[in-house]
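# Observations on chain architecture
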Amino acid sequence: MDKSGAGSFIYAKASGIIGKSFVGPRTKYLFEQKSLSDLWTLLFHTPVPLMPEALLAEEIEKQAFKRFVSTYAYFVGLYSNPSSILTDQLLIYEAENLKEIGAALCSGETKCPSLIEIGKLQSLHVECWPEIQKITKDTTFSWYNHIPAVHEQQKMEYKIDLQVLRQLWKSLNKLTGENREVLYELFKEEYIISNIIWALRLKVHYQYKSEQIIPNLMYVTDDMGIDDPIAAPAIKIIDYPVDEYEAWEKWHYKDLLNPHTPGEIWNVDPGWIERMSRMKFSKNALHIFHQHPMTEASLIGWFKVKSTELSYIRTAVESIRLCINANEAMDAIGIYTGAR
């Protein structure tokens, strides 16, 4: 379809899907289910597969993800010449597939691992397993042409992530007009907060020092320092004391911090920041979806909202399996009593 026709059709279909999605007030329905069978019925409206609970849990997540990605790929495929910002979203999943392939080959496995299916938009030549050079030939990952040794696997995965990030950033900067402004701010904040969370996890959970954290952040420039637009905010807070709330009171993202009660022990919680940022980000994405209909920005907003829904589905699956109270499970992801 031409851009205008595709945009109109996609927005109409996507709006119907958003209305039935389990985000916002509808998220609670995921956590009201008493069993995995009930959750399956809620999500798919089909007979529940006859399989052990552990396999059913895996199947729920697999089918929810498959439905999400296939729908997005279908929408993108309706454009006769889709913008690279749309097609590049699937690079995230291609990157995960390549990591899985690399890890399997590195450990000497003879069978191709289970991979994320992204349909006709897939560029990796998975059918060429186990020849890594052929798998990545003529793709954006063609440099990944040998089986990594155990000691270089982490370095290769970092390079994959960095490449995806920079390609997305490059696609953002190709946009013009209102789409560029809206999506630039959306993605910039997402990348900034991801770096902040990663920096805090390394500091809080692994006691990394500043000089160890900085090389592990993600950068969109070759500067790899305080001048990088998505790394600078994380670098600035690396030396903040993690147990002194007063040091964080003027922080730009103070609204994402875990609550503080005067007189009680407090430590910054990266997990809490991640949950709160996910909620905030989902609300922003939903706003973009509605405020910029029939544009690339709207479809990206849909993609981000549905990504959040997937994370909620995974949490609901685990809460049922572990018999966690629904209120506690929702509070844990910031959509119940923990929400502010």
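Before reading on, note that the structure itself is shown above.
Definitions and limits used
Residues numbered from 1 in each chain as written. Predicted model: local features only at pLDDT ≥ 70, side-chain atom pairs only at ≥ 80, totals over all residues. Heavy atoms only, no water. Helix = DSSP H or I, 4+ residues; strand = E, 2+ residues; numbered from the N terminus. Buried < 20%, exposed > 50% of the residue type's maximum accessible area, 1.4 Å probe, protein only. Contact = heavy atoms within 4.5 Å. Areas by Shrake-Rupley, 256 points an atom, 1.4 Å probe, with all protein chains shown as cover. Lys, Arg positive; Asp, Glu negative; His and termini not counted. Charge placed at Lys NZ, Arg CZ, Asp CG, Glu CD. Phe/Tyr/Trp six-rings, centres within 6.5 Å; stacked < 30°, edge-to-face > 60°. Lys NZ or Arg CZ within 6 Å of the ring centre and 35° of its normal. Core = buried A, V, L, I, M, F, W, Y, C linked by side-chain atoms within 4.5 Å. Salt bridge = Lys/Arg side-chain N within 4 Å of Asp/Glu carboxyl O. Axes fitted to C-alpha atoms, helices over the stretch in contact; angles between N-to-C directions. Parallel < 35°, antiparallel > 145°, perpendicular 65-115°, else oblique. Left-handed = near helix turned anticlockwise from the far one by under 90°. Nonpolar A, V, L, I, M, F, W, Y, C, P; charged D, E, K, R; others polar. Arc of directions from axis to C-beta. 1 Å grid on protein atoms, 1.4 Å probe; cavity = no way out; pocket = protein on both sides within 12 Å on 5 of 7 lines; lining within 4 Å. Points joined across faces, edges and corners; volume = space filled by probe spheres on them.

## Quick look at the overall build of the chain
In terms of regular secondary structure, the chain is built from 14 helices and zero strands. Listing each helix as α and each strand as β along the chain from the N terminus yields α-α-α-α-α-α-α-α-α-α-α-α-α-α. Projected onto its principal axes, the C-alpha positions of the chain cover 60 × 50 × 45 Å. Relative to its 340 residues, the chain shows a buried fraction of 46%. In the chain, the share of contacts with a sequence separation of at least 24, taken over all contacts with a separation of at least 6, comes to 60%. Surface exposure of the chain reaches about 17400 Å², of which carbon and sulfur atoms provide 52%. Each charge class in the chain was averaged separately, 36 positive and 43 negative side chains, and the resulting centres sit 4 Å apart.

## Considering the packing of aromatic side chains
Counting across every chain of the model gives 19 aromatic pairs. Taken together, a centroid distance of 5.0 Å and an interplanar angle of 75 degrees make the contact between Tyr-240 and Trp-248 edge-to-face. Among the aromatic side chains, those forming a connected cluster through ring pairs are Phe-65, Phe-68, Tyr-72, Tyr-74, Phe-75, Tyr-93, Trp-302 and Phe-303. Positioned over the ring face of Tyr-184 is Arg-180, at 5.1 Å from the centre of the ring.

## With respect to the nonpolar core
Of all hydrophobic cores here, the largest spans 110 residues; its most connected members are Leu-30, Ile-60, Tyr-72, Leu-183, Leu-299 and Trp-302. With 13 residues, the top contributor of residues to this core is helix 9 (residues 177–206).

## Points about the pattern of salt bridges
According to the stated counting rule, one finds ten salt bridges in the structure shown. Lys-306 serves as the salt-bridge partner of Glu-309, at 2.7 Å between the closest nitrogen and oxygen. Placement of the pair is Glu-309 and Lys-306 together in helix 13 (residues 296–321), with a separation of three residues, close to one helical turn. An identical accessibility class is assigned to Glu-309 and Lys-306; each is buried. Within the structure, one salt-bridge network assembled from shared partners comprises Glu-96, Lys-99 and Asp-161.

## Here we look at the packing of helix 1 (residues 3–19) against helix 4 (residues 53–77)
At a minimum axis separation of 10 Å, helix 1 and helix 4 run at an interaxial angle of 160 degrees. Taken together, the axis directions place helix 1 and helix 4 in an arrangement best described as roughly antiparallel. For helix 1 against helix 4, the interelement crossing comes out left-handed. Each of Phe-9, Ile-10, Lys-13, Ala-14 and Ile-17 in helix 1 lies in contact with helix 4, whose residues at this interface are Thr-71, Tyr-74 and Phe-75. Split into classes, the residues belonging to the contact of helix 1 with helix 4 amount to six nonpolar, one polar and one charged.

## Overview of unusual backbone geometry
Between Trp-129 and the following residue, Pro-130, the backbone shows a cis peptide bond with an omega angle of 5 degrees. Within the fold, Pro-130 resides in the loop between helix 6 (91–106) and helix 7 (132–136). Positive phi, close to 60 degrees, is recorded for Asp-138, a residue that is not glycine. Assignment of secondary structure puts Asp-138 in the loop between helix 7 and helix 8 (153–174). Of note, the phi angle at Gln-207 is positive, near 55 degrees, even though the residue is not glycine.

## A closer look at the environment of Lys-62
Its location among the elements puts Lys-62 in helix 4. Here the alpha-carbon distance between Lys-62 and Arg-314, two residues 252 residues apart in the chain, equals 9.8 Å.

## A look at helix 3 (residues 36–44)
Those residues of helix 3 lying buried are Leu-36, Leu-39, Trp-40, Leu-43 and Phe-44. The arc that holds the buried residues of helix 3, viewed along the axis, is 105 degrees, so those residues lie on one side. Lining the buried residues of helix 3 we find helix 2 (28–31), helix 4 and helix 13. With its phi angle positive at about 55 degrees, His-45 sits one or two positions after the end of helix 3.

## Some thoughts on the side chain of Ser-319
Along the polypeptide, Ser-319 turns up in helix 13. What Ser-319 contacts, discounting residues up to four positions off in sequence, is Phe-31, Ile-324 and Ala-329.

## Section: the layout of surface pockets
Of the pockets and cavities examined, the largest pocket occupies roughly 1500 Å³. Elements that contribute at least two residues to the lining of the largest pocket include exactly helix 6, helix 8, helix 9, helix 12 (270–291) and helix 13. Per-element tally for the lining of the largest pocket: the top contributor is helix 9, with nine residues. Grouping the constituent residues of the lining of the largest pocket by class yields 18 nonpolar, nine polar and eleven charged. Taken as a whole, the second largest pocket holds about 510 Å³ of empty space.

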